Structure formats: structure tokens, C-alpha cells
Amino acid sequence: MDCVPALDEPLKKVLGGNTAKVMADHLDLHTIGDLLHHYPRRYAERGELTRLSELPLDEHVTVVAQVADARVHKFDRGTKQRLEVTLTDGSGRLQLVFFGRGVYGAQKELLPGRRGMFAGKVGVFRNVRQLAHPAYEMLGKEDGAEAVEAWANQLRPLYPACAQLESWKIEKAVGTLLDSLAATGWDGLVDPLPESLRQGRGLAELPEALLKIHRPRTKTDIATARDRLKWDEAFVLQVALARRRHADAQLPAVPRAPAEDGLLDAFDARLPFTLTDGQRSVSREIFADLATEHPMHRLLQGEVGSGKTMVALRAMLGVVDSGGQAAMLAPTEVLAQQHHRSITEMMGDLAEGGMLGGSEQGTKVVLLTGSMGAAARRQALLDLVTGEAGIVVGTHALIEDKVQFHDLGLVVVDEQHRFGVEQRDALRSKGKQPPHLLVMTATPIPRTVAMTVFGDLETSVLDQLPAGRSPIASHVVPAKDKPHFLARAWERVREEVAAGHQAYVVCPRIGDDIGDEGDEGDGPKGAARKPAKSAAKPSAKSSAASPEDEAEKRPPLAVLDIAEQLAKGPLRDLGVEVLHGRMQPEAKDDVMRRFAAGEVDVLVATTVIEVGVNVPNATAMVIMDADRFGVSQLHQLRGRVGRGSAAGLCLLVSEMPEGSPARARLGAVAATLDGFELSRIDLEQRREGDVLGQAQSGARSSLRVLAVIDDEEVIAAAREEAAAIVAADPELTAFPELRTALDAFLDEEREEYLDKG
């Protein structure tokens, strides 16, 4: 190959159709640039052997190991044979097995003492982890001193691979590409970093970084390459976000300043408590934004129960004071109804503007959901288009074309991660001019993630709990290891009810045989559809599987099953009710009303109660199969208790064995109430693959070497550099290479996400 096409050319032009198709179908690599930026996951070196004992089951892996033993076994009365090869790494063993024609070739190459790379899907047979018919490539000859020496001084890249294309084949394809680029003087390679920035930061040139990331001679080469490539990712992304902020700042908006002695002042005068310092500080930031002639774009994040809804309500009242309307978008009907109920209760007759007995300073607060009756829906739509209703709380129903506003001035999006960008944008487009935007999340976000994912929003943080909030004691309940602990958990629930309080029991799925999740996102992903086993009597240990495997394969516990068992068993004689996303809206609202009124002792629910539900008298929560939930989700659920004067109790029930990663995760949740610390733990476990990828835009993540949890200094510095460049040259006319790189780095889908986010 004499020359290489431009980086946006399809891979088939340099690799051939079959290889290019495998890369596109299984690794999402389509262009020359995609493969060039498909970096090694790690590097193998002589003496560094993967801990074979820790290989994950059912995942495709590549390992570097040494053959310890190889034996042929005959079976089926000697008519068939299999080759069993044992690999070692000094800490554990892995078995390879070959059948039929594969035995002869493998037997000649896989000799004791030889090292190689082996790739395959990890399975288990008779409690031994194995790879069946793995692909392999030997590393040096056992009797070739020169080959061994060459391999000893080489760092071997191990790439993210798949069953159809092993790491070493990707390595060869990348090598072909690098040779071609080098032969043409790296023609077509665009460097996104301005030269002054690159030199000022002491970063390597881009061709050098790419060679060292794919073909390192030393570990210093890898560090040099990663330092440079991290800057590429952080800087280009921050430039995109800075341009988004700059463009937003140019849009016109109606300033929304509260009227003196108006609705907001009347509301504040009636508050039975004092706002926290944090609430006052954040409110000042919001009202300063609302008073400008450009739309506010602010993220309000904070601890569970820190009073974000109160801050949002005061902002909405200020907008109504100015003659505008405010809309709050909630992800579920339960949450929308809860917000509407709490807002109208807090406002009293101020929420009955224009109605008999309503305050003269008041406005109308309406609810709009998809399940409302036709008459109520017509009235709500009429109140919005005439301006009679200053505040509307609703679900996705707010986005429909029929919904029109008289003068939409503020959009509040609650639990933004539950909405797609198109939904948020559709609501914002209903203003005559771009409305102000306040995005709320009760999931604390590390600073680096906020700068990366929400870099086009200004951020406000509420980390101070209102006075009167009680501490929450959290404990892990090992249901399988110590079943009497689970029995004691139900006794604690009875004790709380006897003391005049209430309790939640949370389960991963509904259990109505329709599906594994509710229609409003109930439960964690991947829940099974089979009936659950008893909560009071965990299933007996299977002799064929480890406790951890057995716990993972058992269907998740279900609301309907557990509610029935509790009502007949440990919690008989108590008022036990269920709540899940597929109940009729009237039934859901009725259950929540009666629970809030203290008429229900124990509410067995899915995660439909995860956010926004506020019942101060509920003091205990038991989370069944707690290991099936994420760290942040557990923290959210736990925040439903301890909301009154009595102390809260959260019991995390799990059948996972002690020492397993799942139990360690639950231990971390039980050990701290600091949501920001837990969000950091959560991110460390999930890593950053979905920070600007599938979770936000539906596209593959653009972050390949940048670790948002570890590279805070790089991200912060890149944000400063990007802001300075965009402020001086918004169109990047003096930086054509950066503009080209920006267009390549941010495809249309991701650019659209940044546009709308």
C-alpha cells in the first residue's frame, strides 16, 4: 500500500472488505481515524502474567500466559480425543480445551514452558475456568534466544477485541496503518491542539503520540502518549461545550425579575421554616441569571433531601411574578403527582389564583399527565394557553404538540438523566423566545463529570440538609449467610410501625408476568421474568455453582411476590400495599395519598419511589436484592427515609457472599451518607464509557484515554484554555485545524446532543 486515504475514508480501502466488516459490525470501527484511535486497553510484558484466577465468566478475554501442562485424553471408547492445556500465571490456572481436528495443531505448538497470547470466551467446567478452542499466538520459540530476548524487551499492546477478531490481528491492522501514514509523512492527520498550547504544556506532537501509544518501547512512551491524547479529547470536547455556552449567551430571552411585594414575597412570608444558607445562595445565583436578557442554563445538583424542589419553586414563583409561566417536567406520573401535591400544599391559597377563595396574589397550579381524563385535560390546556395557570407540573404529556403556553419563561427539568435531549428541547421550543432552563438532579455528580457531561451548564450545588433532617443508619443484611438477620429485619419493620411510623420495601421487579420492568423504568436493567423465590427463606445452595453465580442467576425478587409473602408471614396484621409503574394512575395516586396520610403501614414498591416521594413519617426501608441496584440508585432510594424528626433506617438485603464485589459495593453504601463520595465510587466501577456516549447521545463514547474520575486537572485546564480561545475567536477562524478536528470528533448525533443538552 503506497498511500493512505484521508482519516474519514472507510476501512475497507486499506484492510479489505472482510476485516473491515468485522471491525464495523463488532467493534464499531468504520474509518481510518476510528482504527487509529482504537487504543490498546493495556500492555503485556515478559514476567507480567494476567491473574487467571480473576477472569470474568462469560466475557471474551485475551491473556498472556505460560503453558504448564498439555495432555491428550481419549473418550467415547477411544474413538475421539481432546487436548487439555493448563496455563499458569503464578497465582492461578486456566484450562484450554481442544476437540477434533484442533487437537493435532495445538498439540505441536502448546508445549510446556512456552508463552503465548490466548483469546476466547471464559466458561467453567467442573468448577475449572476454561477457554474452549481459543485463538492463540505463541510468543517466541522456546529454543530461540534471540526471539525470547526480543519479546522480553517489547511491550505488547492488547486491544479491545471480540471473538471474531483477536487482539493480535487488530495489532497487525494498526501496524499496517501506521506504516502507511509514516510513509506519507502523516499526510491528512490533523492536529487539534494549537501549537502555542502544545508547546506551553510540554506535550508531544500528534504523530509521536500515536506511534508511542500503539508501539511503545518503554512505559515512559505510554505515559507520554497518554498525556498528549488525553489533552486532545479533553480540549476538543471543552471547545465544543465552550462554543455551546457562547452561542447560548447570544440568544435573546425575556428578563424575569420578581415583582416587589408579589407572589414570591407572599410565599416567603408564609414559610414555616427558614431556608438554609445553601438554598439562599443558590437562589441568588438563579435569580441573577433570570434577570438577564439571555437564557439561563443552570444545573442544580445536590444531596438527597437538600431542598432542591423548594429552590425550583421559588424560581418558578419569581417568573410568574414577572408575568411569565413556568413548567416542571417530571419523569414519572407518581413523581409529577407528588410534585403537584407538595407545591399546592406549600402554596396554599396562593395556588388557587382566579378561583373562589384563592389569594389575589396567587396563580393557578395545574397538573398535566397522559392519563388524565378528557375534561380535566381540556381545562388544563385552556389554563396554559390563556395564561390562567402560571405553573404546570407534568410528564412527557407537556411535550405534545397540542400543549401551548401563553408565555413560557422557565423550564425546570427534574431528574434530567431520565429524559432524552429531544424531549427537553421540545419543551424549551414552546416559548416565544428561548425560556430559561433549570436542570435538577438528586444524583450528586463529581466535579469532573459535571465539567464533561454538563459543561454547557453553569452548576449550583446544594450540599446542606435542612434543619430537622435525621440521620439514616444503613446496614447490609446477608440473607443467605445469616438468614436470622433477615428475620430480624422484619422485626425492625414491625417495631417502627409499632412506634407509629411507616416503612418501604423495595424490589427490583414487579412480578406480574408481563415483563421485568415497569412502564416508567421501574427496576434495574436485566431483571428476569420468572417468578421470584421466597424472601423469608432464601433458596438452598446449589452444589453445581458458586454462591455468587447462583445469586446472580436467580430471578430478581418481585413486588407482588414479596408483598404476598410479607402479608401472610413476617408482617401479617400490618397494612401492606403495593406500588409499581404499571398500575393505573388513579390506583397509584390513591396508594401514595393513603401512604402519605399514614393509612398504609408498609409500601412494597419498585424504584418508582426513587425520587421526589416525600413522606416524613416513613422511617424504615428494606431493599431486597440490593446488589441488583447501582450505588447512586441505592443512595436515592435511601433518601426516602429520615425525612422527618425520627431517625431513618435502611437495610440492604443481599444473597451475595462476603468478599464478592457486590457485597463490597453495598458495604460502601452502608458506610457513608455522602452522595458525592458514592458517586465517585459508582463512576470508578462503571468507568467513563457512557459519560459522553450511549447514556447521553446514543453514540459510542468519544472518551478513549481520558478518565473523568482521574484526570480532573487535565479537564479543568482544558476548560480554561477552551474558554479563552472561544471568547477571543468563537468561529475558530484562526484555528482551522481545531475546527476540522472538532467536526471529525463530534459527529452529527453528538453535536446535536450538545446543542440540545
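Values in this document were obtained by computation on a predicted structure and should not be read as measured data. (Residues numbered from 1 in each chain as written. Predicted model: local features only at pLDDT ≥ 70, side-chain atom pairs only at ≥ 80, totals over all residues. Heavy atoms only, no water.)

### Describing the overall build of the protein
Next up, step 1: Assigned secondary structure in the protein consists of 26 helices and 21 strands.
Next up, step 2: The buried share of the protein, taken over its 757 residues, is 54%.
Next up, step 3: For the protein, the exposed surface amounts to about 32,500 Å²; the carbon and sulfur share of it is 48%. (Helix = DSSP H or I, 4+ residues; strand = E, 2+ residues; numbered from the N terminus. Buried < 20%, exposed > 50% of the residue type's maximum accessible area, 1.4 Å probe, protein only. Areas by Shrake-Rupley, 256 points an atom, 1.4 Å probe, with all protein chains shown as cover.)

### With respect to the packing of helix H11 (residues 277-290) against helix H12 (residues 308-321)
How two helices sit against one another is set out by the angle between their axes and by the gap between those axes.
Next up, step 1: One can describe the packing of H11 onto H12 by two numbers: an axis separation of 10 Å at closest approach and a directional angle of 30°. The hand of the H11/H12 crossing is right-handed. For the pair formed by H11 and H12, the contact residues are Gln 279, Val 282, Ser 283, Ile 286, Phe 287 and Leu 290 on the first element and Met 310, Val 311, Arg 314, Ala 315, Gly 318 and Val 319 on the second. (Axes fitted to C-alpha atoms, helices over the stretch in contact; angles between N-to-C directions. Left-handed = near helix turned anticlockwise from the far one by under 90°. Contact = heavy atoms within 4.5 Å.)

### Focus: helix H14 (residues 374-386)
Next up, step 1: For H14, built from 13 residues, the straight-helix expectation of 18 Å at 1.5 Å per residue is met to within 8% by its first-to-last C-alpha distance of 18 Å.
Next up, step 2: Within H14, burial applies to Arg 377, Ala 380, Leu 381, Asp 383 and Leu 384. Projection of H14 onto a plane perpendicular to its axis shows the buried side chains occupying an angular sector of 160°, all on one side. Within H14, the exposed residues directed more than 90 degrees away from the buried face are Ala 374, Ala 375 and Arg 378.
Next up, step 3: In this structure, the buried side of H14 is in contact with strand S10 (325-329), strand S11 (364-368) and strand S12 (389-394). (Expected span 1.5 Å × (residues − 1). Arc of directions from axis to C-beta.)

### Some words on the packing of aromatic side chains
Next up, step 1: Applying the stated criterion across every chain yields a total of four aromatic pairs.
Next up, step 2: On the basis of an interplanar angle of 85° and a centroid distance of 6.1 Å, the ring pair of Phe 98 and Tyr 136 is categorised as edge-to-face. Of this pair, Phe 98 sits in strand S4 (residues 93-99) while Tyr 136 sits in strand S7 (residues 135-138), placing them 38 residues apart in sequence.
Next up, step 3: An angle of 55° between the planes, with centres 5.1 Å apart, marks the rings of Tyr 504 and Phe 595 as tilted. Here Tyr 504 is found in strand S17 (residues 502-506), whereas its partner Phe 595 is found in helix H20 (residues 585-596), with 91 residues between them in sequence. Here the two residues Tyr 504 and Phe 595 agree in accessibility, since each one is buried.
Next up, step 4: Taken together, the aromatic side chains of Phe 98, Phe 118 and Tyr 136 make up a single cluster linked through ring pairs. (Phe/Tyr/Trp six-rings, centres within 6.5 Å; stacked < 30°, edge-to-face > 60°.)

### Quick look at the nonpolar core
Next up, step 1: If you look at the biggest cluster of nonpolar residues, it comprises 39 residues, and the most contacted ones within it are Met 316, Met 347, Ile 391, Leu 410 and Leu 438.
Next up, step 2: Of all the elements, H12 adds the most residues to this core, at nine residues.
Next up, step 3: Ignoring anything within four residues of it in the chain, the contact list for Met 347 reads Phe 267, Arg 270, Leu 313, Leu 317, Thr 363, Val 365 and Ile 391. (Core = buried A, V, L, I, M, F, W, Y, C linked by side-chain atoms within 4.5 Å.)

### Remarks on the pairing of strand S20 (residues 618-623)
Next up, step 1: For S20, the buried fraction is high: six of the six residues fall into the buried class.
Next up, step 2: Pairing analysis gives five bridges linking S17 to S20, with the strands arranged parallel. When the bridges of S20 are listed, Tyr 504 appears paired with Met 621.
Next up, step 3: Bridge count for S20 against strand S21 (residues 648-654) is four bridges, and the pairing is parallel. Within the sheet, the bridge partner assigned to Ala 620 lies in S21 and is Leu 649. (Pairing = 2+ DSSP bridges.)

### Observations regarding the side chain of Arg 228
Next up, step 1: Its location among the elements puts Arg 228 in helix H9 (residues 219-250).
Next up, step 2: Accessibility expressed as a relative area gives 0% for Arg 228, which makes it buried.
Next up, step 3: Apart from residues no more than four positions distant in its own chain, Arg 228 is found in contact with Asp 191, Pro 192, Leu 193, Arg 198, Leu 203, Ala 204, Glu 205, Leu 206 and Ala 209.

### Remarks on the packing of helix H13 (residues 333-347) against H20
Next up, step 1: One can describe the packing of H13 onto H20 by two numbers: an axis separation of 10 Å at closest approach and a directional angle of 50°. Relative to H20, the element H13 lies oblique. For H13 against H20, the interelement crossing comes out right-handed. Residues Glu 333, Val 334, Gln 337, Gln 338 and Arg 341 of H13 form the contact with H20, whose own contacting residues are Pro 585, Lys 588, Asp 589, Met 592 and Arg 593.
Next up, step 2: Per-class residue counts for the contact of H13 with H20 are three nonpolar, two polar and five charged. (Parallel < 35°, antiparallel > 145°, perpendicular 65-115°, else oblique. Nonpolar A, V, L, I, M, F, W, Y, C, P; charged D, E, K, R; others polar.)

### Looking at the confidence of the model for the protein
Next up, step 1: On average, residues of the protein carry a pLDDT of 82, and 82% of them reach 70 or more.
Next up, step 2: Long-range and interchain partners of residues 687-701, a stretch whose pLDDT sits below 50, account for 40 contacts in this model, where long-range means more than four residues apart. (pLDDT = per-residue confidence, 0-100.)

### Quick word on the pattern of salt bridges
Next up, step 1: Scanning all chains against the criterion turns up 38 salt bridges.
Next up, step 2: In this structure, Asp 191 and Arg 228 form a salt bridge, with 2.6 Å as the shortest nitrogen-oxygen distance. Taken together, the positions of Asp 191 in the loop between helix H6 (167-183) and helix H7 (195-200) and Arg 228 in helix H9 put the pair 37 residues apart, joining distant regions of the chain.
Next up, step 3: Note on Asp 191: relative accessible area 22%, which makes it partly exposed.
Next up, step 4: Close ionic contact of Arg 201 with Glu 721 constitutes a salt bridge, the shortest N to O distance being 3.1 Å. Taken together, the residues Arg 201 in the loop between H7 and helix H8 (206-214) and Glu 721 in helix H24 (residues 712-728) connect sequence positions 520 residues apart. (Salt bridge = Lys/Arg side-chain N within 4 Å of Asp/Glu carboxyl O.)

### What to know about the environment of Ala 723
Next up, step 1: Secondary-structure assignment places Ala 723 in helix H24.
Next up, step 2: For the pair Ala 723 and Arg 245, spaced 478 residues apart in sequence, the C-alpha to C-alpha distance is 9.3 Å.

### Quick word on the sheet that holds S20
Next up, step 1: Spatially, the six strands line up as an open sheet ordered S16-S21-S20-S17-S19-S18, and their pairing is parallel. Of all strands in the sheet, those bounded by a partner on one side alone are strand S16 (472-478) and strand S18 (576-579). When strand polarity is set aside, the average angle formed by the axes of neighbouring strands in this sheet is 20°.
Next up, step 2: Here H20 sits on the sheet and contacts S17, S18, strand S19 (602-605) and S20; the angle it forms with S18, its principal contact strand, is near 135°.
Next up, step 3: Against the sheet, helix H22 (residues 661-671) makes contact with S16 and S21, and its axis sits at roughly 160° relative to S16, the strand it touches most.

### Side note on unusual backbone geometry
Next up, step 1: Positive phi, normally seen in glycine, also occurs at Asp 28, with a value near 60°.
Next up, step 2: Structurally, Asp 28 is set in the loop between helix H2 (17-27) and helix H3 (32-36).
Next up, step 3: Positive phi, close to 45°, is recorded for His 133, a residue that is not glycine.
Next up, step 4: Relative to the helices and strands, His 133 resides in the loop between strand S6 (128-132) and S7.
Next up, step 5: A relative accessible area of 41% places His 133 in the partly exposed class.

### A short note on the side chain of Arg 314
Next up, step 1: Mapped onto the secondary structure, Arg 314 falls in helix H12.
Next up, step 2: Not counting residues within four places of it along the chain, the set of residues in contact with Arg 314 comprises Leu 264, Phe 267, Asp 268, Leu 275, Ser 283 and Phe 287.

### Quick word on the sheet that holds strand S9 (residues 297-302)
Within a sheet, adjacent strands bond to each other through the backbone by hydrogen bonds, running parallel or antiparallel.
Next up, step 1: Sheet architecture is open: seven strands sit in the order S11-S12-S10-S13-S14-S9-S15, paired in parallel fashion. The outermost strands of the open sheet, each flanked by one partner alone, are S11 and strand S15 (458-462). In this sheet, adjacent strand axes meet at a mean angle of 20° when their direction is disregarded.
Next up, step 2: Summarising the sheet, S9 and S15 pair through five bridges and their orientation is parallel. From the neighbouring strand, Leu 300 faces S15, where its bridge partner is Ser 460.
Next up, step 3: H12 rests against S9, S10, S12, strand S13 (408-414), strand S14 (436-441) and S15 of the sheet, and its axis sits at about 170° to S13.
Next up, step 4: Strands in contact with H14 are S10, S11 and S12; relative to S11, the strand with the most contacts, it is inclined by about 130°.

### Description of the pairing of strand S2 (residues 60-75)
Next up, step 1: As defined by bridge partners, S2 adjoins strand S5 (residues 115-125) across seven bridges and the pair is classed as antiparallel. Each residue of the ladder has a partner; that of Val 63, found in S5, is Phe 118.
Next up, step 2: Counted along the chain from S2 to the antiparallel partner strand S3 (residues 80-88), the turn is four residues long, and its residue Asp 76 has a positive phi close to 55°.

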